[in-house]
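Spelled out from the first residue to the last, the chains are:
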Amino acid sequence: MPSKRKIKDIKISERFSFLKKRKFWFRFIGFAVFIPILLFSILILIVYLNQDAIIQAEIDALNKGHKGKVTIGDTHLEPFKNFPYISIRVDDVRILESKLLDAEEILNVEDINLSFNLWDIVFGDYDIQGLIVEEGDFNIILHKDGTTNIQNALATSDEGESEEPMNIHLKDIELRNLDIHKFDETTNVDVETYIYSARGGFKTNEKVINAHVDTDFELNVIDNGDTTYINKKHFELHTDVDYNEYTGLLTIQPSGIQMEHGDFDIQGTIDMEKDITLDLDIKGTKPNFDMLIAFAPSDVIPLLERYKNAGNIYFNASVKGPTLHGIMPLIEADFGASEAYLENTGERKRIEDMGFQGHFTNGIERNLKTMEFSLEGMTAKLENGKLLGSLSVINFEEPEVDMQLNADFDLEFLTRFLNLEGVKAGGNAQLEMRFHDIIDLDRPNLALNELNQAYFSELKVKGLTLESSDLPAPLKKLDMHLIMNGRKAELDLFEADFGNSNLSMKGYLSNLPAIVHHTNIPVVAHLDIESKLLDLTEITGFSEKDSSGIDEQIEGLNLGLSFNSSARSFTESKNLPEGEFFVDRLHAKLK
């Protein structure tokens, strides 16, 4: 007879025997999967049926409460694009500065994707958690009256009280192919930032918003319709920022920024409440020229990148001050290099021991008048020569240029280092220069006091040879000596043999600074020319087939020319300078 315990176990076993049946487990799994899917589908259906009403209600609230105008195209539910959030894509979004028919456009994008928490929508709380903006334009205009188009659009409407628009607590924002323009009507300067991609993650802690931003963009600055030095500069930025909603202070944590191939560190603050006041420090050190190459014009960068380079390179800059209403912040920059080199690896030609110290500032008034630029201690060792120099420019409205240069280089080395294809050169050139004066192309009459001026240049060329397919004949030899000390420029040696021809010249110009500054001071120019043979047939590339060039040879040329005029006539006459022209002597024999 079975014991009571065994009977109890048997009864329990019979009671839960259904757990051993496969049919039960199929049903259980089916319900466990089906019910959540059913609930989720119902929620999606609710959102789908109400998506137009949700978006349009918010658009109406914005249009009623503000002077700007928002228009949209179709809306599309995308439940899985930004899972676990549910997304609604809005097509053809436009924001206008006002409701007038000719209102300026602030925003025009193909798509804006809004992400919501599904349960928030169910309970009627439309709180934006994520935002994706794709393909379009965003225009910021700083008007002459000090307002911006965004301020005007957000100004309170006179249509009475409006419904409170949806809350925005962004945790994630993404921009793709967005062309942002910031145009200042006062200065006619347009700063264009084309964002290829940008993504930001956000966390909110009481009054502080913490964000991480990664972006890839191109920067252009257009001044009065013309491109400037900042043209097609490519940037990458990876940064962490903190924004204090109470003080309006945006703090940039130590972050990395890349311009072209130059890497920099940036940190500081931006005061959004005080005319967007900047206090930024930008620094960089690198064992090559990438940082400095990044500042070169865009079309020159590929040429510079051909050369292998290394050295101790540094760049330190600060940007401080307000930026709204056409105000320029104070910019200070120090940069330089030491123990550096550039090498053309293909030709095995190298410039060594390169170094310099540079400085730039836009000065106390933050404008062209107080702007200064300098390069001091420029040094370079060439294969058979050297380069020493310095350059200083003060006041970019009336540029006061102070330059010293001492160069000695082999022309064959220079030709091969620069990869001048189809050119074969030889010889040596030496240049010594000291220059100090004002150079203003718009107001050439401006000049330093004569006691402060410095005009000295001496150029020596020995044994220059040059062959090129672009020349009608090879230059077999050129010796030249040109010197300027003070006012007078004198060519006391010019001996050239090219092809079948030869040429000898001497001459002078009595007052070169007077010509530079467009004065009325009398100037005398004189030139003596001698040649045993000038083969014009060879020089001009004469061809009997098309009669191009000149079929002539000149022998025994002896020519003396003089010209007396005012300095201004050399530069301001529409055609030939006005003055007295003398042929002192002329002897020549034609073929």
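Residues numbered from 1 in each chain as written. Predicted model: local features only at pLDDT ≥ 70, side-chain atom pairs only at ≥ 80, totals over all residues. Heavy atoms only, no water.

**Comments concerning the overall build of the protein chain**
Link 1 in the chain: Within the protein chain one finds 10 helices and 27 strands.
Link 2 in the chain: Within the protein chain, buried positions represent 37% of all 591 residues.
Link 3 in the chain: Within the protein chain, contacts between residues separated by at least 24 positions form 51% of all contacts whose residues are at least 6 apart in sequence.
Link 4 in the chain: As displayed, the protein chain has an accessible area near 35,000 Å², and 56% of this comes from carbon and sulfur atoms. (Helix = DSSP H or I, 4+ residues; strand = E, 2+ residues; numbered from the N terminus. Buried < 20%, exposed > 50% of the residue type's maximum accessible area, 1.4 Å probe, protein only. Contact = heavy atoms within 4.5 Å. Areas by Shrake-Rupley, 256 points an atom, 1.4 Å probe, with all protein chains shown as cover.)

**Notes on the packing of aromatic side chains**
Pairs of aromatic rings are described using the distance from one ring centre to the other and the angle between the two planes.
Link 1 in the chain: Scanning all chains against the criterion turns up seven aromatic pairs.
Link 2 in the chain: Ring centres of Phe217 and Phe235 lie 5.2 Å apart, and the angle between their planes is 5°; on these two criteria the pair is classed as stacked. Placement of Phe217 in strand 8 (residues 208-223) and of Phe235 in strand 10 (residues 233-244) is noted, with a sequence separation of 18 residues between them. Accessibility assignment for this pair places Phe217 and Phe235 in one class, buried.
Link 3 in the chain: Ring centres of Phe264 and Phe315 lie 5.5 Å apart, and the angle between their planes is 75°; this geometry places the pair in the edge-to-face category. Residue Phe264 is located in strand 12 (residues 262-271), and its partner Phe315 is located in strand 14 (residues 308-321); the two are separated by 51 residues in the primary sequence. Assigned by exposure class, Phe264 and Phe315 land together as buried.
Link 4 in the chain: A connected cluster of aromatic rings, assembled from ring pairs, spans Tyr307, Phe413 and Phe417.
Link 5 in the chain: Above the ring of Tyr341, the side-chain terminus of Arg350 is found at 3.9 Å from the ring centroid.
Link 6 in the chain: Directly above the aromatic system of Tyr508 lies the positively charged group of Lys488, at a separation of 4.7 Å from the ring centroid. (Phe/Tyr/Trp six-rings, centres within 6.5 Å; stacked < 30°, edge-to-face > 60°. Lys NZ or Arg CZ within 6 Å of the ring centre and 35° of its normal.)

**Things to note about a nonpolar patch on the surface**
Link 1 in the chain: A contiguous nonpolar surface patch, about 330 Å² in accessible area, is contributed by Phe581, Val583 and Leu586.
Link 2 in the chain: Locating Phe581 in the fold gives a position in strand 27 (residues 580-590). (Patch = residues over 30% accessible without salt bridge, like charges linked within 9 Å, V, L, I, M, F, W, Y side chains within 5 Å. Salt bridge = Lys/Arg side-chain N within 4 Å of Asp/Glu carboxyl O.)

**What to know about empty space enclosed by the protein**
Link 1 in the chain: For the structure shown, the criterion picks out one cavity of 30 Å³ or more.
Link 2 in the chain: Of the voids in this model, the largest cavity is the one considered here, and its volume is about 30 Å³.
Link 3 in the chain: If you go around the largest cavity, the residues you meet are Glu260, His261, Asp290, Ile293, Ala294 and Glu305.
Link 4 in the chain: Residues that form the lining of the largest cavity fall into these classes: two nonpolar, one polar and three charged. (1 Å grid on protein atoms, 1.4 Å probe; cavity = no way out; pocket = protein on both sides within 12 Å on 5 of 7 lines; lining within 4 Å. Points joined across faces, edges and corners; volume = space filled by probe spheres on them. Nonpolar A, V, L, I, M, F, W, Y, C, P; charged D, E, K, R; others polar.)

**With respect to the environment of Glu218**
Link 1 in the chain: Residue position: Glu218 is located in strand 8.
Link 2 in the chain: With 18 residues separating them in the primary sequence, Glu218 and Glu236 have C-alpha atoms 8.7 Å apart.
Link 3 in the chain: Aside from chain neighbours lying at most four places away, what touches Glu218 is Glu192, Thr193, Tyr194, Tyr196, Lys232, Lys233 and His234.
Link 4 in the chain: Side-chain polar atoms of Glu218 contact the side chain of Tyr196, separated by 3.4 Å. (Polar contact = N/O pair within 3.5 Å; in protein donor to acceptor, adjacent residues only side chain to side chain.)

**Describing the pairing of strand 11 (residues 249-259)**
Link 1 in the chain: As defined by bridge partners, strand 10 adjoins strand 11 across eight bridges and the pair is classed as antiparallel. Bridging from a neighbouring strand, Asn244 pairs with Leu249 of strand 11.
Link 2 in the chain: Remark: four residues form the turn of the hairpin made by strand 10 and strand 11, two consecutive strands paired antiparallel; Gly248 in that turn has positive phi of roughly 75°.
Link 3 in the chain: Relative to strand 12, strand 11 runs antiparallel, the two sharing nine bridges. (Pairing = 2+ DSSP bridges.)

**A short note on the confidence of the model for the protein chain**
Link 1 in the chain: The predicted model of the protein chain has a mean per-residue pLDDT of 80, with 81% of residues at 70 or higher.
Link 2 in the chain: Element-level pLDDT for the protein chain is lowest in helix 1 (residues 4-15), with a mean of 51, against a maximum mean of 93 in strand 24 (residues 501-509).
Link 3 in the chain: Counting interchain partners and residues more than four positions distant, the pLDDT-below-50 stretch residues 24-42 has six contacts. (pLDDT = per-residue confidence, 0-100.)

**Side note on unusual backbone geometry**
Link 1 in the chain: We note that Asp92 has phi near 50°; this positive angle belongs to a residue other than glycine.
Link 2 in the chain: By secondary structure assignment, the location of Asp92 is in strand 3 (residues 86-96).
Link 3 in the chain: Among the residues examined, Asp92 registers a relative accessible area of 49% and is labelled partly exposed.
Link 4 in the chain: The residue Arg348 is not glycine, and still its phi comes out positive at about 55°.
Link 5 in the chain: Among the secondary structure elements, Arg348 is positioned in the loop between strand 15 (330-344) and strand 16 (349-361).
Link 6 in the chain: The exposure class of Arg348 is exposed, given its relative accessible area of 72%.

**Here's the deal with the pairing of strand 10**
Working note: regular strand, side chains alternate between the two faces of the sheet.
Link 1 in the chain: Examined bridge by bridge, strand 8 and strand 10 share 12 bridges and lie antiparallel to one another. Residue pairing for strand 10: Val213 is matched across the bridge by Thr239.

**Digging into the side chain of Thr415**
Link 1 in the chain: Along the chain, the position of Thr415 falls in helix 7 (residues 411-417).
Link 2 in the chain: Separated by 2.8 Å, the side chain of Thr415 and the backbone oxygen of Leu411 make a polar contact.
Link 3 in the chain: If sequence neighbours within four positions are ignored, Thr415 has contacts with Leu420, Val423 and Ala425.

**Describing the pattern of salt bridges**
Link 1 in the chain: All told, the structure shown has 15 salt bridges when counted by the stated rule.
Link 2 in the chain: Between Arg199 and Glu174 there is a salt bridge; the shortest N-O distance is 3.8 Å. Of this pair, Arg199 sits in strand 7 (residues 189-205) while Glu174 sits in strand 6 (residues 167-184), and the two are 25 residues apart along the sequence.
Link 3 in the chain: For the salt bridge of Arg350 with Glu352, the shortest nitrogen-to-oxygen distance reads 3.5 Å.
Link 4 in the chain: On the basis of relative accessible area, Arg350 is assigned to the partly exposed category, the value being 30%.
Link 5 in the chain: One salt-bridge network, held together by shared partners, links Glu134, Glu174, Arg176 and Arg199.

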